[in-house]
Amino acid sequence: MASYDFQKIEKKWQEYWQKEQSFKAQVNTSKPKFYALDMFPYPSGAGLHVGHPLGYIASDIVCRFKRTKGFNVLHPMGFDAFGLPAEQYAIQTGQHPAVTTEENINRYKDQLKNIGFSFDWSKEVQTCDPSYYKWTQWIFIQLFNSWYDYDSNKARDIENLVAIFEQSGNASVNAACDEDVVNFTANEWQAFNETQQQGILLKYRLTYLSETTVNWCPDMGTVLSNDEVKDGFSERGGFPVVRKKMSQWSMRITAYAERLLEGLDTIEWPDPLKEMQRNWIGKSIGAEMTLNIDGHDDTITVFTTRIDTVYGLTFMVLAPELDIIKKITTAEQRDEVETYIETAKNKSERDRMTHVKKVSGVFTGAYAIHPFSGEKLPIWAADYVLAGYGTGAVMAVPGGDQRDYDFAKHFDLSILPIYEGMDISEEANPTKEGKIINKGMLEGLTFQEATDRAISFLEEKGIGSKKINFRIRDAIFARQRYWGEPVPIYFKDGTPYPVADEHLPIVLPEIDKYLPTADGDPPLARADNFTYTPKGSTEAYSLELSTMPGWAGSSWYWYRYMDASNDNAFVSDEAKDYWKDVDLYIGGTEHATGHLLYSRFWNKFLCDKGFAKEEEPFKKLVNQGMIQGRSSLAYRINGTNKYVSFSLKDEYDTTKIHVDVSLVENDVLDIEAFKKWRPDLKDAEFILEDERFICGNEVEKMSKRLYNVVNPDDIVSKYGADTLRMYEMFLGPLEQFKPWNTHGIDGVFKFLRKFWRLFHNESDDFVVSNDTPTKEEQKIIHRTIKKVEEDINNLSLNTSVSTLMIAVNELTALKCNKREVLEKLVIALSPFAPHTSEELWEQLGHSGGVSLAKYPDFNESYLTESTHEYPISINGKVRAKIAFAIDKPKDEIEAEVLSHDLVKKWTDGKPPKKIIIVPKRIINVVV
C-alpha cells in the first residue's frame, strides 16, 4: 500500500507557509478583495477543544478557494485578551494577568497552526497590547469629543455644538442628550464658568459620566453586565450581585437606535439573529402620558403603545428602583415596600424579564389620578417593570396585557374589558378589533380612531403626546477591575477631560494586588502616581480608575487587521479604501446583542466622522453551530466498585458515571487505562459482554466536568490536520448543532489515503500519466469542479466533502491516474485538505504552492449526455437495455428495438400493439 505520511507532510507545509508568508495580504488594487473574519477567541487556559475550530475551518476553506478564484484574501487572527477570567486567576495566584494571557495565547497559536489555517499572522492583534489599545483609547476620545445631531442624523464634533451654544444657546438643538437638560440662551452660556460649561457638554457627549443603576458584585469588586448575572449571582464564580447606583461611564448607543434598525435591512445576516437585535432595540410607537399623584406634587409619566386602552387602566406599576416610590409610600406601607425593594434590587434585568410567571409586588399606599376619568388608581411597585424601559412606569391594563392580568388576578385588582365581545374570563385579550365599550370619550371608536382621539386629548391638556420609544438603553462602559484598557480621561476639579492624542496610550500600570482598595476604589487606585500632566501644565491630575469593558477592544478590531503595524493611525486610508468591510464573518449567536450590536454602533460612528468607509462592518454573517460532546458512560452497581457493560445494565441497580472519552474507542472501554485513571478505580471489577466492556453515551455540551472534551491536538497527532478539517465539515451543515463522534473519523482518514493512492503505486512511486482522459473521467472531474464551487459559495461544505469522496471512489474504480484529471482534483480538494494537496501539487511538478493555482474552469459539455441507455420493458417486465443517441428519431428507435434479438425472443415474433417511449426514462413494448 502507498505510504501516506501525514505527519511529515503537514509539518513540512506548515513550515513552508510560515517561512514564505504564503498568506500575507497586502493592498493590491489589481485584484478584487475578499475579507474573511472569524470572531477572535478569548485565550483561556484550557486551550482549544474540537468544537472551537469549526467556524475557523469553514472560513479557511472559503479563503483558500477564493485565492484560487483570483481574489486577494485577507484572513487574519488575533486574541480578545482582556477579561475577568485572567484577572480572577491573578487574584488567586498573584501572577500578573499578562503572564497567563501570553502563555494561553501561545498555546492557542500552536494549536491553530497545527490545523493548517491560512491566517495572515503578520497582522495578529492582541487587545491587551498597548500598541493596540492606544487606538481603542483614541476612539473613546473621538466619542467623548462628539455629539449626535438628529437634524443631520449623524455624529458631529463637540466644538460645533459649543459654537451653536455661543451663538444661540441650546433651544434649537435637536440632539441625543440627557433628559434633564435645561434650556439656556447664548448670553447665559457665555456667563457660565468652565466647570458649568463642561458639565452641560457632558450631557451631550456620546460617551459620558452619569449616575446609573448597575449590577455590582462586591466579591469581584466590579460592575457586571446583565449577561454576566444569573438569578442574582455572577455567572462566573457564583458571587452575590446587587443593584446599586454608581457614577459610570456610558456610551450613547441610543442615539443610533433607528439607524441600527434600518441597517439590518442592508446586510446578509441570519434572520433569527437580526430579529434578536430588532427585539433588543425594541422600537415602539405610542404615546407618553403624565398622571398626577393624589396628595403629592410629584407626577408619574408613562409610555404606552396602547393608549386606546386607557379606559381599561385600573392600577399603576412602578419599577422598584424609582426614587419617587420613597416619596409617595405611606407610613403604613413603608416597611413592606422597603423590604420588597431590597429584594428586587438584587435581581438582574435579565432575571426579571425571564421569570415572568412568578408574580410579586407591593402596594405603596399611594394613588394616581386617571387623566381621562379622574378615578383614583392604586400605585404598586413590581419587579416585572424595568426602570430602563420607557419611563420605568406602566399603566396597567389587565384586560389587554397578560402580565398585568396575572398581577391583577394575584392581588385581586379590577380587570375591565375594553372592546366589544372581549372574553377576559381566563386570560388577557389584546384585541384591536371592534369598538370600545367602556365609558368615556373613546366609547364606540375603533382602535385607530381611539388612538388618534386619546393623543389629541393628551396634547390639548398638555399632559402627553405621541412618542417613539426604544427598549435599548445606553451601554455602560466601565468596569471596576484591573485587567482592561485604561480610560484616557483625567479629572480637573472633578470635571473629566480627555488625554491628548500624542500622550496615548495610557498604559496599564503595575500594582501590588488585583483587588479593590480598602476604601472600595478600583484596583488602579493601588498604582503609584497614576496621574496625568496636560501639555503646558505643571500640575498632575488623577486619571480615571475604572477600565473599559470587555467589548471595547472587539468593537473595532477588524480595522486594525487591515493595517496592524501602523503607529500613526488606527488604519491607513489606503488600507481602509481597499479592504472597506468584512465580506464574510463567522461566529456564534451568543454575541447578537453584545459584540455585534456594539460593533455596528462604533462602525456607524466612525463612518459619521469620516474614519470608516462603510455604514455596516460585516456584509455577510454566518452563525456556526456547536459541536457537542459525546459523553461516555460506565454503569456502577450501587454499593460496589463493580461496573457492568451497557447491554447488561438493566439487570442491575446501577448509577451512571462519566468516563474520560480518551479511555474509550468506538464505545469500547480501555479497562486498564480506566483503572489507572483515578485511585478509587484501581480495584474496579467489570461484567463484560462478548469479552468487552461497552460504554453507553449521551450528547451533551462539551465540558471538562463531563470528561467529554476532545483535544484537537490528539486528533491531529493520530489522524492528521487534513482529516480533522474534513471530518468537522463532514459532520453536517455548518449552521447546525452536531455531536462529535469519532466513529466516522477513520472513514475520512481512509478517504485521504485512497486519494493519495490515485497518484502512487503500491511501492509508493509517483505514477501519473499524460494520457488523454476518457469521457467518463472528464464527466467525473467536471461534475466535481461544478459541485464543489457551488457548495463552497453556498457554505454547504458537508456536501462538498461528500462530492470529493464520490469522485475519488469513481476515479479509483476506473484506475484513473491521468494528469489532466488529477491536477484539477488536487485544486478542488486543496481548500479542505491543504497539506496533502500541497504535497501532491509539488509532486505534479508545480512550484509556489497550490494556493497560487487557478481553480479549474467547468466545462458543461462533459456533463451533456449524447446517449441514454433505455431499459426495454415487454409487457411490464424489463428484458433488455439498449443505448440510443439523445436526438435519435422515434421511428428509428422503434425499428431498432423490434429488431433486437432479446426483444424478438420475448415477443415471440408477434407484432406489438404499441410502443411507448418515455424520453430518457424507459421504452415499453406492449404485445
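You'll find the structure just up there.
Residues numbered from 1 in each chain as written. Predicted model: local features only at pLDDT ≥ 70, side-chain atom pairs only at ≥ 80, totals over all residues. Heavy atoms only, no water.

Caption draft 1: Region of the structure containing the overall build of the protein chain. If you tally the helices and strands in the protein chain, you get 28 helices and 35 strands. Along the longest, intermediate and shortest principal axes, the C-alpha atoms of the protein chain span 110 × 75 × 75 Å. For the protein chain, with 927 residues in total, the buried portion stands at 52%. A separation of at least 24 residues holds for 71% of the contacts in the protein chain among residues at least 6 apart in sequence. Charged side chains of the protein chain number 109 positive and 138 negative; the gap between the two group centres comes to 6 Å. (Helix = DSSP H or I, 4+ residues; strand = E, 2+ residues; numbered from the N terminus. Buried < 20%, exposed > 50% of the residue type's maximum accessible area, 1.4 Å probe, protein only. Contact = heavy atoms within 4.5 Å. Lys, Arg positive; Asp, Glu negative; His and termini not counted. Charge placed at Lys NZ, Arg CZ, Asp CG, Glu CD.)

Caption draft 2: Fine view of the pairing of strand S13 (residues 362-369). Where burial is concerned, most of S13 is hidden: six out of the eight residues are buried. Two elements, S13 and strand S14 (residues 376-381), share five bridges in a ladder whose sense is antiparallel. Within S14, the position partnered with Val 362 by the bridge is Ala 381. Connecting S13 to the antiparallel partner S14 that follows it, the hairpin turn spans six residues, and Gly 374 within it adopts a positive phi of roughly 80 degrees. (Pairing = 2+ DSSP bridges.)

Caption draft 3: The packing of aromatic side chains, seen in detail. Evaluated as defined, the whole model comprises 72 aromatic pairs. With a centroid separation of 6.4 Å and an interplanar angle of 70 degrees, the aromatic rings of Tyr 35 and Trp 579 are classed as edge-to-face. Residue Tyr 35 is located in strand S1 (residues 33-38), and its partner Trp 579 is located in helix H17 (residues 573-579); the two are separated by 544 residues in the primary sequence. Each member of the pair Tyr 35 and Trp 579 is classed as buried. Relative to Phe 407, the ring of Trp 380 lies with its centre 5.5 Å away and its plane at 90 degrees, an arrangement referred to as edge-to-face. With a gap of 27 residues between them, Trp 380 in strand S14 and Phe 407 in helix H14 (residues 402-411) connect regions that are remote in the sequence. Exposure remark for Trp 380: the relative accessible area of 9% places this residue in the buried category. (Phe/Tyr/Trp six-rings, centres within 6.5 Å; stacked < 30°, edge-to-face > 60°.)

Caption draft 4: The arrangement of the sheet that holds strand S34 (residues 914-918) in detail. One open sheet holds the four strands; their spatial order is S33-S32-S35-S34, and the pairing between them is mixed. Each having just a single partner strand, strand S33 (877-885) and S34 make up the two edges of the open sheet. With direction set aside, neighbouring strand axes in the sheet form an average angle of 20 degrees. (Axes fitted to C-alpha atoms, helices over the stretch in contact; angles between N-to-C directions.)

Caption draft 5: Quick look at the nonpolar core. Formed by 177 residues in total, the largest nonpolar core has its most connected members in Trp 249, Met 726, Trp 740 and Phe 832. Per-element tally for this core: the top contributor is helix H5 (residues 130-144), with nine residues. Those residues within four positions of Trp 740 in sequence are excluded, and the remaining contacts are Val 50, Ile 627, Gln 628, Arg 630, Met 702, Val 710, Ile 715, Leu 724, Tyr 727, Glu 728, Leu 731 and Ile 745. Counting 55 residues, the second largest nonpolar core, distinct from the first, contains Ala 368, Trp 380, Ala 393 and Tyr 405. (Core = buried A, V, L, I, M, F, W, Y, C linked by side-chain atoms within 4.5 Å.)

Caption draft 6: The pattern of salt bridges, seen in detail. The final tally for this structure, using the stated rule, is 44 salt bridges. Residues Asp 298 and Lys 327 are paired through a salt bridge, measuring 3.6 Å at the closest nitrogen-oxygen approach. Note that Asp 298 is positioned in the loop between strand S10 (283-292) and strand S11 (299-304) and Lys 327 in helix H11 (residues 324-328), a separation of 29 residues in sequence. Since its relative accessible area comes to 25%, Asp 298 is described here as partly exposed. (Salt bridge = Lys/Arg side-chain N within 4 Å of Asp/Glu carboxyl O.)

Caption draft 7: View of the packing of H5 against helix H18 (residues 595-608). At a closest axis distance of 11 Å, the pairing of H5 and H18 adopts a crossing angle of 70 degrees. The pairing of H5 with H18 is recorded here as roughly perpendicular in orientation. The handedness of the crossing between H5 and H18 is left-handed. Across the interface between the two elements, Thr 136, Ile 139, Gln 142 and Leu 143 from H5 touch Phe 601, Trp 602, Phe 605 and Leu 606 from H18. (Parallel < 35°, antiparallel > 145°, perpendicular 65-115°, else oblique. Left-handed = near helix turned anticlockwise from the far one by under 90°.)

Caption draft 8: Quick peek at the side chain of Lys 109. With respect to the helices and strands, the residue Lys 109 is situated in helix H4 (residues 97-114). What makes Lys 109 buried here is its relative accessible area of 18%.

Caption draft 9: Examining H5 more closely. Its 15 residues give H5 an end-to-end C-alpha distance of 20 Å, which sits within 8% of 21 Å, the value for a rise of 1.5 Å per residue. Most of H5 sits out of view: 13 of its 15 residues are buried. With a side-chain oxygen positioned 2.9 Å from the backbone nitrogen of Ser 131, the residue opening H5 is Asp 129. (Expected span 1.5 Å × (residues − 1). Polar contact = N/O pair within 3.5 Å; in protein donor to acceptor, adjacent residues only side chain to side chain.)

Caption draft 10: Molecular detail of the sheet that holds strand S22 (residues 584-587). The parallel open sheet is built from four strands, whose spatial order is S2-S1-S22-S23. Where the open sheet ends on each side, the last strands, each with one partner, are strand S2 (72-74) and strand S23 (621-623). In this sheet, adjacent strand axes meet at a mean angle of 20 degrees when their direction is disregarded. With three bridges connecting them, S22 and S23 associate as parallel partners. Bridge pairing in S23 links Gly 587 to Asn 623.

Caption draft 11: Here's a closer look at unusual backbone geometry. Cis peptide bonds are those with omega within 30 degrees of zero, and the linkage from Leu 504 to Pro 505 qualifies with 0 degrees. For Pro 505, the position within the fold is in the loop between strand S19 (495-498) and strand S20 (531-532). Within the chain, Glu 691 stands out as a residue other than glycine whose phi angle is a positive 65 degrees. By the element assignment, Glu 691 lies in the loop between strand S29 (685-687) and strand S30 (696-700). Residue classification places Glu 691 among the exposed residues on the basis of a relative accessible area of 76%. Here the phi dihedral of Asp 764 falls at roughly 70 degrees; this positive angle occurs in a residue that is not glycine. For Asp 764, the position within the fold is in the loop between helix H22 (745-757) and helix H23 (775-793).

Caption draft 12: Quick peek at the side chain of Thr 314. Locating Thr 314 in the fold gives a position in the loop between S11 and strand S12 (315-318). There is a polar contact of 2.8 Å between the side chain of Thr 314 and the backbone oxygen of Ser 414. Filtering out sequence-adjacent residues up to four positions away, Thr 314 remains in contact with Leu 377, Pro 378, Ala 396, Pro 398, Ser 414 and Leu 416.

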